[in-house]
Amino acid sequence: MTPTSAEAGGLAGAPPLPAHPDPQLDAVLDSGLPHELSHALGGPFHLLLPERFDANAAAFEDVLREAGVEGRVYYAKKANKAAVWMDRCALSGRGVDVASAGELRDALGHGVRGEDVVVTGPTKAEGLLRVAVLQGCLIAVDAPDELESVLAQARAVARPARVLLRRLPPAQPHSRFGFDDGELEAALARCAQAKDAIVMEGFSFHLSGYDPLLRAESAGELVELCLKARVMGLRADRISIGGGFAVDYTDAEHWERFLREQRPEHYHAGKSFASGDFYPYHSPVAGPDALRTVLAADGLAGRLREAGVQLLLEPGRALLDRAGCTVFRVQGVKNRSGYGIVTVDGSSLSLSEQWFNSEYLPDPVLLPAHERQGEPYAACVGGATCLESDMVTWRKVRFPTRPAVGDLLVYPNTAGYQMDSNESPFHELPLPPKIVLDTAGGTTRWRLDRHPLA
Ligand SMILES: Cc1ncc(COP(=O)(O)O)c(C=O)c1O
């Protein structure tokens, strides 16, 4: 028996969390294309909207320009593995931030030039450092022993290495990344002594969280370090403040209500989540506006200009804002007391937030296979695996009608870290393909992101 709206009424207070409206994506979803693709591909898939990526990167560049600050944007490749982002960076001349040999190969293979790549990540593998030096990439060096490895590689291939020294931020002294102040002093002396093999271009830091003011303060300190390094004859004309520009998925009203009201009864199996463990799905200051705030704080823009220091950014999530979504097909629906369990044709490996003791909260949207009337129906969403914990959504989401086999569920705004960070062919299920939507010229065409025969 189907729970009626009265039975689901116990969930009337289950707070909805709709993603921001996206009329352009809605038009694609309403066009019937997702159903066609689901039929053709026979499993879940991801839709990518590359124009959004370009627009997001351009918006960051506009903020730099408005503030009169020289700088550049490097896409943090870890946030999504699709090839299309590399193509876009190669064509626009934008940079890419890589953290492994595979990521570097992919960037170079798609035509991104070595000099447009910054290599980050903690102590990097020798092979990665060698290719990075050979290709003229900028290397964010994380530790004293890594500086020695970079030096050795540079001498071995007889090419100077371009480096940034990553400072352990005093504001986050327990971070595992970067040189402490004593190590930094020694590293500067080492760079000054090894000018034949090292071009010390500046400094970087890795800050957890999304606080623009902390970024501004830490950036100001790096500007001072550049001035100090120049006295030692080092180039020191750029700093990298990494990523960490928040994405605003939903509005303040829904988010605040959700945080206030959410409780274990709203989740399958009484699962509980601490509000502080969720990504901040609403941020009053996000993306390029967060950069504007960073530049305005502490007169940072002026200090960068006066010191002739360029500002490098490595946004991942923020460049992918609204640039993709994930589509599952409903494979079954069953009733529990007062709610239902929808089983979809994929798994929570395609929604990586689910693997960090957290939940991807923007509401999935139901695309019925056929128009039909019905009562609102609350359901959680499970994956098609044998794992009890494989829940794509633990929350009992209120759908406008009871989902049915063949309907689609669309998870909005998943390009940033959700769709492919954790995917694996578990159960020998194929990895969901990525479909690139090309909306240039007013029509919508689609293609595979990586062609299997290419
Ligand atoms: C060095 C570095 N750059 C860039 C990023 C990207 O961060 P986000 O996707 O939050 O912008 C990270 C994330 O951890 C990072 O460690």
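Please read these numbers as outputs of a predicted model, since none were measured by experiment.

Calculation rules
Residues numbered from 1 in each chain as written. Predicted model: local features only at pLDDT ≥ 70, side-chain atom pairs only at ≥ 80, totals over all residues. Heavy atoms only, no water. Helix = DSSP H or I, 4+ residues; strand = E, 2+ residues; numbered from the N terminus. Buried < 20%, exposed > 50% of the residue type's maximum accessible area, 1.4 Å probe, protein only. Contact = heavy atoms within 4.5 Å. Lys, Arg positive; Asp, Glu negative; His and termini not counted. Charge placed at Lys NZ, Arg CZ, Asp CG, Glu CD. Near = heavy atom within 4 Å. Polar contact = N/O pair within 3.5 Å; in protein donor to acceptor, adjacent residues only side chain to side chain. Areas by Shrake-Rupley, 256 points an atom, 1.4 Å probe, with all protein chains shown as cover. Nonpolar A, V, L, I, M, F, W, Y, C, P; charged D, E, K, R; others polar. Axes fitted to C-alpha atoms, helices over the stretch in contact; angles between N-to-C directions. Parallel < 35°, antiparallel > 145°, perpendicular 65-115°, else oblique. Left-handed = near helix turned anticlockwise from the far one by under 90°. Domains from an automatic or database assignment. Buried area = accessible area lost by both parts, 1.4 Å probe. Salt bridge = Lys/Arg side-chain N within 4 Å of Asp/Glu carboxyl O. Phe/Tyr/Trp six-rings, centres within 6.5 Å; stacked < 30°, edge-to-face > 60°. Lys NZ or Arg CZ within 6 Å of the ring centre and 35° of its normal. Pairing = 2+ DSSP bridges. Core = buried A, V, L, I, M, F, W, Y, C linked by side-chain atoms within 4.5 Å.

**Comments concerning the overall build of the chain**
Turning to step 1, where the next piece is worked out: Each helix and strand in the chain was counted, giving 12 helices and 17 strands.
Turning to step 2, where the next piece is worked out: Principal-axis analysis of the C-alpha atoms places the extent of the chain at approximately 80 × 50 × 40 Å.
Turning to step 3, where the next piece is worked out: Taking all 454 residues of the chain together, 54% fall into the buried category.
Turning to step 4, where the next piece is worked out: Within the chain, contacts between residues separated by at least 24 positions form 72% of all contacts whose residues are at least 6 apart in sequence.
Turning to step 5, where the next piece is worked out: The distance from the centre of the 46 positive side-chain charges to the centre of the 59 negative ones in the chain is 3 Å.

**Description of the site of the ligand**
Turning to step 1, where the next piece is worked out: Lining the immediate environment of the ligand, one finds 13 residues, of which His206, Gly244, Glu314, Arg317 and Tyr417 sit closest.
Turning to step 2, where the next piece is worked out: A distance of 2.9 Å is found between a nitrogen atom of the ligand and a side-chain nitrogen or oxygen belonging to Glu314.
Turning to step 3, where the next piece is worked out: Calculation on the ligand without its partners gives an accessible area of 390 Å², and the protein chains cover 84% of this total.
Turning to step 4, where the next piece is worked out: Residue classes in the shell around the ligand are distributed as 3 nonpolar, 5 polar and 5 charged.

**Points about the packing of helix α6 (residues 126-134) against helix α7 (residues 144-157)**
The relative placement of two packed helices is expressed as an angle between their axes plus a distance between the axes.
Turning to step 1, where the next piece is worked out: Direction vectors running N to C along α6 and α7 enclose 55 degrees, while the axes themselves pass 9 Å from each other. The pairing of α6 with α7 is recorded here as oblique in orientation. By crossing handedness, the relation of α6 to α7 is classed as right-handed. Contacts between α6 and α7 involve Glu126, Leu129, Arg130, Val133 and Leu134 from the first element and Glu146, Ser149, Val150, Gln153, Ala154 and Val157 from the second.
Turning to step 2, where the next piece is worked out: A per-class count over the contact of α6 with α7 returns 6 nonpolar, 2 polar and 3 charged.

**Looking at unusual backbone geometry**
Turning to step 1, where the next piece is worked out: The phi torsion at Ala158 lies on the positive side, around 55 degrees, for a residue other than glycine.
Turning to step 2, where the next piece is worked out: Following the sequence through the fold, Ala158 ends up in the loop between α7 and β6 (161-166).
Turning to step 3, where the next piece is worked out: Taking relative accessible area as the criterion, Ala158 reaches 65% and is therefore assigned exposed.
Turning to step 4, where the next piece is worked out: Despite not being glycine, Asp298 has its phi angle at roughly 55 degrees, a positive value.
Turning to step 5, where the next piece is worked out: Here Asp298 lies in the loop between α11 (287-296) and α12 (300-307).

**Regarding the domain arrangement of the chain**
Turning to step 1, where the next piece is worked out: Examined at the domain level, the chain breaks down into domain 1 (7-49 + 322-448) and domain 2 (50-248 + 283-320).
Turning to step 2, where the next piece is worked out: Look at where the C-alpha atoms of domain 1 and domain 2 centre, and you get two points 35 Å apart.
Turning to step 3, where the next piece is worked out: For the pairing of domain 1 and domain 2, the buried interface totals around 1700 Å² over both sides, and the portion due to carbon and sulfur atoms is 44%.
Turning to step 4, where the next piece is worked out: Taken together, the connections running from domain 1 to domain 2 amount to 1 salt bridge.
Turning to step 5, where the next piece is worked out: Counting across the interface, domain 1 meets domain 2 through 12 residue pairs in polar contact (both at pLDDT 80 or more).
Turning to step 6, where the next piece is worked out: The biggest single contributor to the side of domain 1 that touches domain 2 is strand β16 (residues 434-438), with 4 residues.

**Brief notes about helix α4 (residues 83-92)**
Turning to step 1, where the next piece is worked out: Taken together, the buried positions of α4 are Ala83, Val84, Trp85, Met86 and Cys89.
Turning to step 2, where the next piece is worked out: In the stretch just after α4, Gly93 is the one whose phi turns positive, near 80 degrees.

**Observations concerning the packing of aromatic side chains**
Turning to step 1, where the next piece is worked out: Inspection of the entire model under this criterion finds 15 aromatic pairs.
Turning to step 2, where the next piece is worked out: Centroid distance Phe53 to Tyr75: 5.1 Å. Interplanar angle 85 degrees. Geometry classified as edge-to-face. A residue pair is termed long-range when its members are at least 10 positions apart, and Phe53 in helix α3 (residues 50-66) and Tyr75 in strand β2 (residues 71-76) qualify at 22 residues. Considered together, Phe53 and Tyr75 belong to a single accessibility category, that of buried residues.
Turning to step 3, where the next piece is worked out: Between Phe258 and Phe278, the ring centres sit 5.6 Å apart and the planes meet at 65 degrees, which makes this aromatic pair edge-to-face. One end of the pair, Phe258, is in helix α10 (residues 252-261); the other, Phe278, is in the loop between α10 and α11, and 20 residues separate them in sequence.
Turning to step 4, where the next piece is worked out: Geometry around Tyr339 places Lys396 over its ring, the cationic atom sitting 4.1 Å from the centre.

**Considering the pairing of strand β10 (residues 324-336)**
Turning to step 1, where the next piece is worked out: Looking at chain direction, strand β1 (residues 45-48) and β10 are connected through 4 bridges and run antiparallel. Paired with Phe45 across the bridge in β10 is Val327.
Turning to step 2, where the next piece is worked out: Pairing between β10 and strand β11 (residues 339-344): 6 bridges, direction antiparallel. From the neighbouring strand, Arg336 faces β11, where its bridge partner is Tyr339.
Turning to step 3, where the next piece is worked out: Hairpin remark: β10 followed by β11, antiparallel, with 2 residues in the connecting loop; positive phi at Gly338, about 85 degrees.

**Let's talk about the packing of α3 against α4**
Turning to step 1, where the next piece is worked out: Look at α3 against α4: their axes get within 10 Å of each other, and the N-to-C directions meet at 45 degrees. With respect to their mutual orientation, α3 and α4 come out oblique. Relative to α4, α3 is oriented so that their crossing is right-handed. Across the interface between the two elements, Pro50, Glu51, Phe53 and Asp54 of α3 pack against Val84, Trp85, Arg88 and Cys89 of α4.

**Let's talk about the nonpolar core**
Turning to step 1, where the next piece is worked out: Ranked by size, the top nonpolar core spans 114 residues in total, and within it Trp85, Leu165, Met200, Phe203, Ile239, Leu295 and Leu311 carry the most contacts.
Turning to step 2, where the next piece is worked out: Take this core: its biggest share by element is 8 residues, from helix α9 (residues 212-231).
Turning to step 3, where the next piece is worked out: Here this core spans two domains, and each of domain 1 (7-49 + 322-448) and domain 2 (50-248 + 283-320) adds at least three residues to it.
Turning to step 4, where the next piece is worked out: Those residues in contact with Leu295 that lie beyond four places of it in its chain are Val63, Leu64, Ala67, Val69, Leu300, Ala301, Leu304 and Leu311.
Turning to step 5, where the next piece is worked out: Val28, Leu29, Leu37 and Val327 belong to the second largest nonpolar core, which has 15 residues in total.

**What about the sheet that holds strand β8 (residues 238-240)?**
Turning to step 1, where the next piece is worked out: Sheet architecture is closed into a barrel: 8 strands sit in the order β2-β3-β4-β5-β6-β7-β8-β9, paired in parallel fashion. The mean angle between the axes of side-by-side strands here comes to 30 degrees, regardless of whether they run parallel or antiparallel.
Turning to step 2, where the next piece is worked out: Alignment of β2 against strand β9 (residues 310-313), held across 3 bridges, turns out to be parallel. Along β9, the bridge assignment pairs Arg72 with Leu312.

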